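# Structural overview for review
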Amino acid sequence: MTSSPASTKRIPRHLEGIALTARIDANHKPSMMRRTKHPITRATLVAAALVTTAVANPTTTMWYDEPATSWQHEALPIGNGRIGAMIFGKIGQERIALNEETVWSGARVDWNRPNASENLPKIRELLLAGKNDEAEQLVNQSFTCVGGGSRGGARGPWGCYQELGNLNIEWITQAKSMPLSQWKYKMLETPGITNPSARHREINKIVAEAVMVDADDKNWTDYIVADGKATTGGRKLDNGDVLVMRHHLKLSKEQHAQLGMLRIGNRARQGKLYVNGQEAGELPGWRAGGHDKFEANISKLLKPGNNVIAIKCSQYRRRGEMPLALSLDPAESTDGYRRELDLTTAVSTVAYTKDGITYKREAFASASDQVMVFRFTADQPGAISFKASMNRLTSFVTKPDGTPGGLLLTGQTASGVQGVDGMKFAARLRAVHKGGSLAMQGNEIVIESADEVMLLVAAGTNYQGFAGRNTPDPVTATHDDITKALGKSYAQLKADHIADHRSYFDRCSLTLGTGSAAAQQPTDERVDAYGKGEADPE
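So, here is what we can say about the structure in this document.

Rules and cut-offs
- Residues numbered from 1 in each chain as written.
- Predicted model: local features only at pLDDT ≥ 70, side-chain atom pairs only at ≥ 80, totals over all residues.
- Heavy atoms only, no water.
- Helix = DSSP H or I, 4+ residues; strand = E, 2+ residues; numbered from the N terminus.
- Buried < 20%, exposed > 50% of the residue type's maximum accessible area, 1.4 Å probe, protein only.
- Contact = heavy atoms within 4.5 Å.
- Areas by Shrake-Rupley, 256 points an atom, 1.4 Å probe, with all protein chains shown as cover.
- Core = buried A, V, L, I, M, F, W, Y, C linked by side-chain atoms within 4.5 Å.
- Arc of directions from axis to C-beta.
- Patch = residues over 30% accessible without salt bridge, like charges linked within 9 Å, V, L, I, M, F, W, Y side chains within 5 Å.
- Salt bridge = Lys/Arg side-chain N within 4 Å of Asp/Glu carboxyl O.
- Lys, Arg positive; Asp, Glu negative; His and termini not counted.
- Charge placed at Lys NZ, Arg CZ, Asp CG, Glu CD.
- Pairing = 2+ DSSP bridges.
- Polar contact = N/O pair within 3.5 Å; in protein donor to acceptor, adjacent residues only side chain to side chain.
- Axes fitted to C-alpha atoms, helices over the stretch in contact; angles between N-to-C directions.
- Parallel < 35°, antiparallel > 145°, perpendicular 65-115°, else oblique.
- Left-handed = near helix turned anticlockwise from the far one by under 90°.
- Nonpolar A, V, L, I, M, F, W, Y, C, P; charged D, E, K, R; others polar.

A word on the overall build of the protein chain. Check the secondary structure of the protein chain and you find eight helices and 27 strands. Of all 538 residues assigned to the protein chain, the portion counted as buried reaches 46%. In the protein chain, the share of contacts with a sequence separation of at least 24, taken over all contacts with a separation of at least 6, comes to 71%. Carbon and sulfur atoms make up 50% of the accessible area of the protein chain, which amounts to about 26900 Å² in all.

Here it is, written out as structure tokens:
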């Protein structure tokens, strides 16, 4: 017999295998591993919470010398088994993906077929007789679940796991972003050419001419965007449509020195970017996820004075539209960038120097206090300025929670069953700053000229099952978690987190070798080198 996993609302514990919410510990104790004999004292942990180790252990540290571009392959996880986050470590605009293990759509349903086993002998008989078509027909009629199965996807009764949301950090700098709102576009047509390969070649030829700086676009259609909407010239693309957009950009010497990051909203999937006639990158593609958007440093292709930015847009498999948000943002050049995850402490760190100031971000997900903790510092006073907000792709509301520096995101997933409520979820953010100022602007927290900032994130759902927290009211639960965590200093939160984590992690260790040169490389370079056959015993 078969039944929908939704009938038990999934087993929360198996979600601990998901990287987003996986608690970074070592729960297995193979006999070949040696036990750790040296206890960790509370005083040692408090000291560790205040001081960064000068040299990370390459055998237990994942690190990169640039921000992550891929959620799956490069972003670093923090988690405590129930809540977690993926950290990209970007400079100007950071999106931290938040997760909670019970954010599922769907509903409890009973799709069991009680008498299915009675047909098993007949099915076997048909298969042994070589009557596979008849056997398959009988299976479909009498041996599958009585419901719709996984049909309906995220909005059906079967449901699926969903993100909790995003913590967005936009760093405030003296340089101001420049919205790219006024464009011209031209639909590309190939009359009389029906052969797909020939049409593709002809389109590429037209694109090559249309993206040149001196291309004549005076008679092209106006396209104007503002506040995430097309106010003039917007249109929906059909499958196979191709167009070229052009924007004339004039930069002063000061703007040329300060700006350089081009960002294009996530509606644009298919196509390429050209700056002053040179290709500058490809859009994410039709397979990209909902949050994926184009962003690239184009400063080397820009010049003071007149510039032309051109975008080839197309639609494929119902993915790809004209972008509704485009901007040229402050440049993000840094020195000494390092993004790491220390497996011995389960603390993620991002550090870099920009404009002579060294910045440091730390993050961890505490099991003992049931909050995610983010701390931002700099080596000069008054250097921390940013805006913080929370969102997700669908079904949410974010608003101030009535406390200084507090935001609350709430929502409900689709159950797929009429008259049945979906899963309710909540994420609560609280900012605590030293120095500078804190203000609420709409649904954003604005920190300016602070010396240090700590962000606490609590999350929960109203999941009721045989495992998990079973909190009927996630709004109240997140309030209680934040209130408890606020009773501790950052050093105490970090020390308690490390003590809890190391009580698992330090139970055993495995040494395969030491001293290899490969161990000093960033993790992505180590993996590439190992794939090419280079030795790396650590």
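Moving on from the model shown.
In terms of nonpolar packing, the biggest core is built from 40 residues, with Leu-167, Phe-374, Phe-386, Leu-429 and Leu-455 touching the most fellow members. Sequence-distant contacts of Phe-386, that is, excluding residues within four places in its chain, are made with Ile-169, Glu-170, Trp-171, Ile-172, Phe-376, Ile-445, Val-446, Ile-447, Val-453 and Leu-455. With 29 residues, the next largest nonpolar core counts Leu-180, Tyr-185, Leu-249 and Leu-302 among its residues.

For the rest of this paragraph, the subject is helix H3 (residues 132-142). Of the residues making up H3, those classed as buried are Ala-135, Leu-138 and Ser-142. Within H3, the buried residues cover an arc of 65° as seen down the axis, which keeps them to one side. Every exposed residue of H3 that faces more than 90 degrees away from the buried side is listed here: Asp-133 and Glu-136. Summarising the contacts, the buried residues of H3 are in contact with helix H2 (120-128).

A cluster of like negative charges, contributed by Asp-65, Glu-66, Glu-525 and Asp-528, occupies part of the molecular surface. Along the chain, the position of Glu-66 falls in the loop between strand S1 (61-64) and strand S2 (76-79).

A complete count under the given rule lists 23 salt bridges for this structure. One salt bridge in this structure joins Arg-263 and Glu-332, with 2.7 Å as the shortest N-O distance. Of the two residues, Arg-263 sits in strand S11 (residues 259-264) while Glu-332 sits in the loop between strand S16 (326-330) and strand S17 (335-342), which places them 69 residues apart along the sequence. Between Asp-536 and Arg-526 there is a salt bridge; the shortest N-O distance is 2.8 Å. Within this pair, whereas Asp-536 is found in the segment after helix H8 (523-531), its partner Arg-526 is found in helix H8, the two being separated by ten residues in sequence. Like Asp-536, the residue Arg-526 is buried in the burial classification. Connected through salt bridges with shared partners, the residues Lys-90, Arg-263, Glu-295, Asp-329 and Glu-332 form a single ionic network.

The next thing to look at is the pairing of S11. Taken across its six residues, S11 has six buried, putting it largely inside the fold. Alignment of S11 against S16, held across five bridges, turns out to be antiparallel. Bridge assignment links Ile-264 to a residue of S16, and that residue is Leu-326.

Sheet topology note: the strand S12 (residues 270-275)/strand S13 (residues 278-282) ladder contains four bridges and is antiparallel. Residue pairing in the sheet places Tyr-274 in a bridge with Glu-279 of S13. In textbook terms, the turn of a hairpin is the stretch between consecutive antiparallel strands, and for S12 and S13 this stretch comprises two residues, one of which, Asn-276, has a positive phi near 50°.

Counting through the fold element by element, Glu-94 comes out in strand S4 (residues 93-100). A relative accessible area of 5% means that Glu-94 is categorised as buried. Between the C-alpha atom of Glu-94 and that of Trp-171, which follows or precedes it by 77 residues, the distance is 8.3 Å. Beyond its immediate chain neighbours, meaning those up to four positions away, Glu-94 contacts Ile-87, Phe-88, Gly-89, Leu-167, Asn-168, Ile-169 and Arg-361. Within the local environment of Glu-94, its side chain forms a polar contact with the backbone nitrogen of Gly-89, the two atoms lying 2.6 Å apart.

It is at 7 Å that the axes of H2 and H3 come closest, and there the two elements cross at 160°. The orientation of H2 relative to H3 falls into the category roughly antiparallel. Considering only the axes of H2 and H3, their crossing is left-handed. Mapping the contact onto sequence places Lys-122, Ile-123, Leu-126 and Leu-127 in H2 and Asn-132, Glu-134, Ala-135, Leu-138 and Val-139 in H3. Grouping the constituent residues of the contact of H2 with H3 by class yields six nonpolar, one polar and two charged.

Let us look at the side chain of Gln-162. Its place among the elements puts Gln-162 in the loop between H3 and strand S5 (165-171). A distance of 3.2 Å separates polar atoms of two side chains, one belonging to Gln-162 and the other to Arg-392. Apart from the residues within four sequence positions on either side, Gln-162 is in contact with Asn-99, Val-103, Ser-105, Ala-154, Arg-392 and Thr-413.

This brings us to unusual backbone geometry. Positive phi outside glycine occurs at Arg-317, with the angle close to 55°. Note on placement: Arg-317 falls in the loop between strand S15 (305-314) and S16. The phi dihedral of Ser-395 is positive, around 55°, even though this residue is not glycine. With respect to the element layout, Ser-395 can be found in the loop between strand S21 (384-391) and strand S22 (396-400).

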